[in-house]
Amino acid sequence: MTQNSEPVNYVGIKNLTVTYQPKKGSPVEALQDFSLDISKGEFVSVVGASGCGKSTLLNVVGGLLGATGGEVLLDGTPVRGPRRDVGIVFQSPVLLPWLTVLSNALLVPKIQRLDKEKHKARALELLEMVGLSGYEDKYPSELSGGMQQRVSVVRALVADPALLLMDEPFGALDALTREQLNVDLQNIWMKTGKTIIFITHSVTEAVFLGSRVVVMGTRPGRLLEDISIDLSHPRLLSGMSSPEFGKYSDRVRDLLGVGPVSNENSAAAKHL
Amino acid sequence: MKTASGRSAARVLFLILIVGLWEFAIRAAHIPTYVIPAPSEVWNRLSLGFQQGFLLEYTRVTAVEIVLGYLVGVILGFGIAVLIVQYFAVDFFLYPIIISINAVPKIAISPLLIIWVGTGLESKVLIAALTAFFPLLVSVVTGLRLVEISQVRLMRAAGATKWQVFRMVALPNALPTIFGGLQVAIVLSVIGAVVGEFVGASSGLGYYILFANARLDTASMFAGFVLLALIGTFLSQAVVRTGRKVVFWREIDKMAQV
């Protein structure tokens, strides 16, 4: 029923440029002429070294930051501020310590004055999906870091946004917890069919989760390559050692300027 | 010393020891009562005062002044602090004036307040309120400005209004700091009420202390000190306990860290 003959993308990022003016010195171009189209239900991993503007990109798509040039269209309408059809998961869980797990999960419906009972049922369902049944009445400080980040994922999903933005959500977690959460996130994505933009430093994480991996370059932040990951879902952690997985990872590392044999973290060691 | 009752018992025993040593030292050194009274002398004044009833009345009068003054000061301090944090103009124009007015000692303003509102309850409440107002204001302003940027970003991303951010994030975050201010303010309210009574009153513990002082009745002055200390301790403990209940998540944090 679209009047436009062109296929309408769910997320349309067109020639996006973001320039910061630091207090001292010349302006910094965080993003330069960045374009990306994302269809509904895609899982797009965005990977790049620190300073490539990937967090900036997420903030603009989430309506938390204005663009200097270009625009972001969401479901056909330009993004001018925070929107209800977008959920965000930040680098740290940012749970409110005075609220229980359940109340934290229900924060977004509370802010938006949405139906409480309906969302409570949904929150309980999502908490169960991430293995947090029975923790509803606990407070955040009683939870481990991984559990806290699960709650923040639930919080982002409770109001049923069509688009989920994730800004290096598992970067601060230990390797085992991180892998478990990658598996859980894949399950959530497969069950809910959300469109997800997932920012990460980790090449394996990007390839494991993404139906596409967008590789970004630094100074100025720009798109290097958009790689389609044609591996079937659900993907298993054991699949990370398959030749196909290795081929994709190596391609990403090549683009990032990291040799296939070296540690992926060396390019991303300097945290922004 | 492990149980709560054991700790309380140890504290009471220590207090008895101090008072006993005090009594002994006064008697042994033959220090005149008008310089430092022995605890037994102070006790005599207290029991006499309560038997005759006037000390109970004075305690009640001063306690009412303290509590009312505290409430007025806290409500005003909180309200203006919120305006300062939320509106730049209030911060820019009004806050410096408030800071300057606060720099004038309350005791210097008190005679004027007595002229304005008389020697009754109102002047004491006003002076106690003025004394409690400022520390509370500063603690609320500081606490509200300590807001976690990440929490504000989270709220904004969900489309929260300015007042939702205030109510749901900034205020709860500020509560530990605000309770610090509430504790300082309650003790200052005691000072404010007594200052008010010193400047002009016909009742209350400050009046009693001043009256005893004029007669070199040091034991009665000490009786007044003891009652003021009891009121102050009781009220500040009440604030501390309320704080622990309200800022309950700090206790959970502590337990989680063990």
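Residues numbered from 1 in each chain as written. Chains lettered and ligands numbered in written order. Predicted model: local features only at pLDDT ≥ 70, side-chain atom pairs only at ≥ 80, totals over all residues.

Brief notes about the environment of Gln91(A)
With respect to the secondary-structure elements, Gln91(A) resides in the loop between β6 (86–89) and α2 (101–105). Setting aside residues up to four positions removed in sequence, Gln91(A) forms contacts with Asp167(A), Glu168(A), Pro169(A), Gly171(A) and Ala172(A). (Helix = DSSP H or I, 4+ residues; strand = E, 2+ residues; numbered from the N terminus. Contact = placed C-beta atoms within 7 Å.)

Describing the interface of chain A and chain B
On the side of chain B, 17 residues touch chain A, which itself brings 18 residues to the contact. With three residues, helix α3 (residues 107–111) of chain A is the single largest residue contributor to the side of chain A that touches chain B. Tallied by class, the residues present in the side of chain A that touches chain B amount to twelve nonpolar, four polar and two charged. (Nonpolar A, V, L, I, M, F, W, Y, C, P; charged D, E, K, R; others polar.)

Here we look at the confidence of the model for chain A
Residue and element names in this part refer to chain A. When pLDDT is averaged across chain A, the result is 84; 92% of the residues are at 70 or more. Confidence, expressed as mean pLDDT per element, reaches its minimum in chain A at helix α9 (residues 265–268) with 47 and its maximum at α2 with 94. Here residues 260–272 is modelled with pLDDT under 50, and outside its nearest four sequence neighbours on either side it reaches 19 contacts, counting other chains as well. (pLDDT = per-residue confidence, 0-100.)

Remarks on the domain arrangement of chain A
Many analyses report the size of an interface as the accessible area lost when the parts associate. Domain annotation for chain A reports domain 1 (1–85 + 174–267) and domain 2 (96–160). Look at where the C-alpha atoms of domain 1 of chain A and domain 2 of chain A centre, and you get two points 26 Å apart. (Domains from an automatic or database assignment.)

So, the packing of helix α5 (residues 145–158) of chain A against helix α6 (residues 175–192) of chain A
Residue and element names in this part refer to chain A. It is the contact of α5 with α6, at a shortest axis distance of 11 Å, that shows an interaxial angle of 20°. Viewed along their axes, α5 and α6 adopt a mutual orientation that is roughly parallel. When you trace α5 past α6, the crossing you get is right-handed. Every residue of α6 that contacts α5 at Gly146, Gln149, Arg150 and Leu157 is listed here: Thr177, Leu181 and Thr192. Looking at the contact of α5 with α6 residue by residue, the classes come out as two nonpolar, four polar and one charged. (Axes fitted to C-alpha atoms, helices over the stretch in contact; angles between N-to-C directions. Parallel < 35°, antiparallel > 145°, perpendicular 65-115°, else oblique. Left-handed = near helix turned anticlockwise from the far one by under 90°.)

A look at unusual backbone geometry
Residue and element names in this part refer to chain A. In this structure, the amide linkage connecting His233 to the following residue, Pro234, adopts the cis form with an omega of -5°. Within the secondary structure, Pro234 sits in the loop between β10 (222–228) and α8 (243–256). The phi angle at Val94 is positive, at roughly 45°, despite the residue not being glycine. For Val94, the location among the structural elements is in the loop between β6 and α2. For Val94, a count of 25 C-beta atoms within 10 Å translates into the label buried. The phi dihedral of Asp160 is positive, around 55°, even though this residue is not glycine. Structurally, the position occupied by Asp160 is in the loop between α5 and β7 (163–167). You can call Asp160 partly exposed: it has 17 C-beta atoms within 10 Å. (Buried ≥ 20, exposed ≤ 12 C-beta atoms within 10 Å, placed from the backbone.)

Notes on the domain arrangement of chain B
Per the domain assignment, the segments of chain B are domain 1 (1–30) and domain 2 (38–257). Just the C-alpha atoms count here: the centres of domain 1 of chain B and domain 2 of chain B sit 30 Å apart.

With respect to the sheet that holds strand β3 (residues 43–48) of chain A
Residues and elements named next belong to chain A. Strand order in the open sheet made by the six strands is β6-β7-β8-β3-β9-β10, with mixed pairing throughout. In this open sheet, the two edge strands, each paired with only one partner strand, are β6 and β10. Averaged over all adjacent pairs, the angle separating strand axes in this sheet is 15°, with direction ignored. The sheet contact formed by β3 and strand β9 (residues 212–217) spans five bridges and is parallel. (Pairing = 2+ DSSP bridges.)

Let's talk about the sheet that holds strand β5 (residues 77–78) of chain A
Residues and elements named next belong to chain A. Strand order in the open sheet made by the four strands is β2-β1-β4-β5, with antiparallel pairing throughout. Two strands close off the open sheet at either side, each with one partner strand: β2 (28–38) and β5. Across two bridges, strand β4 (residues 69–74) lies against β5 in antiparallel orientation. Within β5, the position partnered with Leu73 by the bridge is Pro78.

Re the confidence of the model for chain B
Residues and elements named next belong to chain B. Summarising the model, chain B shows a mean pLDDT of 92, and 97% of its residues fall at 70 or more. Mean pLDDT values over the elements of chain B span from 72, in helix α11 (residues 248–257), up to 96, in helix α3 (residues 54–86). Both scores are available for the predicted complex, with the pTM at 0.81 and the ipTM at 0.79.

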